[in-house]
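Structure assessment
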There are 2 protein chains.
Amino acid sequence: MVYTEEAFKAELNAKGWRSTRQREIILQTFQNLPEGTHLSAEELHEKLREAGHNISLSTIYRTVKLMARMGILRELELTEGHKHYEINQPAPHHHHHLVCVKTNQVIEFKNSAILGITQKVAEKYGFKVLDCQLTIIGISPEGQRSIL
Amino acid sequence: MVYTEEAFKAELNAKGWRSTRQREIILQTFQNLPEGTHLSAEELHEKLREAGHNISLSTIYRTVKLMARMGILRELELTEGHKHYEINQPAPHHHHHLVCVKTNQVIEFKNSAILGITQKVAEKYGFKVLDCQLTIIGISPEGQRSIL
DNA sequence: TTGAGTGCAAAAATTTTGCATGCTC
DNA sequence: GAGCATGCAAAATTTTTGCACTCAA
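A brief look at the structure comes next. Just so we're clear, the structure is a prediction, and the values are computed from it rather than from any experiment.

A closer look at the sheet that holds strand β5 (residues 128–139) of chain B
If you trace the six strands from one edge of the open sheet to the other, you get β4(A)-β3(A)-β5(A)-β5(B)-β3(B)-β4(B), paired in mixed fashion. Both edges of this open sheet fall to β4 (106–109) of chain A together with β4 (106–109) of chain B, since each of them pairs with a single strand only. Sheet twist, expressed as the mean angle between neighbouring strand axes with direction ignored, is 25 degrees. Two strands pair when backbone bridges link them, and strand β3 (residues 96–100) of chain B and β4(B) are joined in this way by four bridges, in the antiparallel orientation. Paired with B:L98 across the two strands is B:I107, which belongs to β4(B).

Printed below as a string of structure tokens:
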């Protein structure tokens, strides 16, 4: 899935919002990230600065929230203490997370059954689905071995 | 599932931690909440104060984090902007959440297949499971009707 | 007796907001 | 031209931490 600038603009305009340079850049940045990479607001800010784009943190916060509400980004709250965002990929690339409470490691996994469950539940309640996340919290093999 | 004071103490001691009045009270408070109720640190603080227990916010933050790491509480990050905690119920009571990005409403649902998927994934990676949460983010019927 | 746990206040970290200015529609 | 979006700084919110004191093991 590659959102073209035009499609993005059309979707924004349809809701009365506007296409801006900042929003385009942020979308492109997320689309060019290696699969599974997720960034916090601060990390995105830094990455943009490195690329020569001075976009304020306020705008970043406002934009990622907007894009999450549009279903373009997924908002992840894993173990790092702040929110992370990543591109919301459709079915074959869609993944979920396994999180260790001891080592804080995060493993991604895919499972095709989850989407089916999600669609059935959403249909029952009349929801339009933007994203679904199965997060498994547990203790990794390394964590189980550690003394603490 | 009702954790007795003794079982709680034993589990704490087994890891070198201690059973304290504050920890007992917090556990009891969560256990007496109606099913599906989740509280933020601040809400728990207020609830404890109402019940005549003056436990500092610091202790509350430290305790809920500890209990989440023990698997006694689940840490939820739904839409409210801060973490919420609830008792981690075993299978028949275990539930998941459907969240609307427009109205912020949260619906709980149960699904027995999720635990099976979780166990299979955890086994593959050698994880000991503490909790699993399928969170569906979408737009509720009311949200779809709203103009904004 | 030892050191883990608590409370308090201060600090840190993260996110939101008011307002003047800029830019899209 | 109207009003949504941005940037900046300030504020608000949420969470963590240092330290002296308390209490469980």
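Read on for the rest.
Brief notes about the packing of helix α3 (residues 41–50) of chain A against helix α4 (residues 57–70) of chain A
Residues and elements named next belong to chain A. Two numbers describe how α3 lies on α4: the axes approach to 10 Å, and their chain directions differ by 120 degrees. Taken together, the axes of α3 and α4 are oblique relative to one another. The handedness of the crossing between α3 and α4 comes out as right-handed. Contacts between α3 and α4 pair A41, E42, L44, H45 and L48 from the former with L57, I60, Y61 and V64 from the latter. Looking at the contact of α3 with α4, its residues break down into seven nonpolar, one polar and one charged.

Points about the packing of aromatic side chains
All names here are of chain A. What the rule picks out here adds up to two aromatic pairs over all chains. Residues Y3 and F8 carry aromatic rings whose centres are separated by 6.3 Å and whose planes lie at 80 degrees to one another, so their mutual orientation is edge-to-face. Exposure remark for Y3: the relative accessible area of 16% places this residue in the buried category. Given a relative accessible area of 1%, F8 falls into the buried group.

Side note on the pairing of strand β5 (residues 128–139) of chain A
Counting buried residues in β5(A) gives ten out of twelve residues, a clear majority hidden from the surface. Strand direction decides the pairing type here: strand β3 (residues 96–100) of chain A and β5(A), joined by four bridges, are parallel. Across the sheet, residue A:L98 finds its bridge partner in β5(A), namely A:I136. Inspection of the sheet shows β5(A) paired to β5(B) by eleven bridges, in the antiparallel sense. Bridging across to β5(B), A:Q133 finds its partner in B:T135.

What to know about the nonpolar core
In this structure, A:L134 and B:L134 are the most contacted members of the largest nonpolar core, which totals 24 residues. Residue contacts for B:L134: discarding those within four places in its chain leaves A:I114, A:I117, A:T118, A:C132, A:Q133, A:L134, B:H96, B:H97, B:F109 and B:I114.

A word on the protein's contact with DNA strand C
Not every one of the 21 residues close to DNA strand C is listed here, only the nearest: A:Y61, A:K65, A:H82, B:R18 and B:T59. In this structure, a sugar or linking oxygen belonging to DNA strand C sits 2.8 Å away from a side-chain N or O atom of B:Q22. Within the side chain of B:S58, a nitrogen or oxygen atom sits 3.1 Å from a base nitrogen of DNA strand C. Within the residue set of the surface near DNA strand C, elements represented by two or more residues are α1 (5–14) and α4 of chain A together with α2 (21–31) and α4 (57–70) of chain B. At four residues, the largest contribution of residues to the surface near DNA strand C is made by α4(A). A breakdown of the residues in the surface near DNA strand C according to their chemical character gives three nonpolar, ten polar and eight charged.

Conventions and cut-offs
Residues numbered from 1 in each chain as written. Chains lettered and ligands numbered in written order. Predicted model: local features only at pLDDT ≥ 70, side-chain atom pairs only at ≥ 80, totals over all residues. Heavy atoms only, no water. Pairing = 2+ DSSP bridges. Helix = DSSP H or I, 4+ residues; strand = E, 2+ residues; numbered from the N terminus. Axes fitted to C-alpha atoms, helices over the stretch in contact; angles between N-to-C directions. Parallel < 35°, antiparallel > 145°, perpendicular 65-115°, else oblique. Left-handed = near helix turned anticlockwise from the far one by under 90°. Contact = heavy atoms within 4.5 Å. Nonpolar A, V, L, I, M, F, W, Y, C, P; charged D, E, K, R; others polar. Phe/Tyr/Trp six-rings, centres within 6.5 Å; stacked < 30°, edge-to-face > 60°. Buried < 20%, exposed > 50% of the residue type's maximum accessible area, 1.4 Å probe, protein only. Core = buried A, V, L, I, M, F, W, Y, C linked by side-chain atoms within 4.5 Å. Near = heavy atom within 4 Å. Polar contact = N/O pair within 3.5 Å; in protein donor to acceptor, adjacent residues only side chain to side chain.

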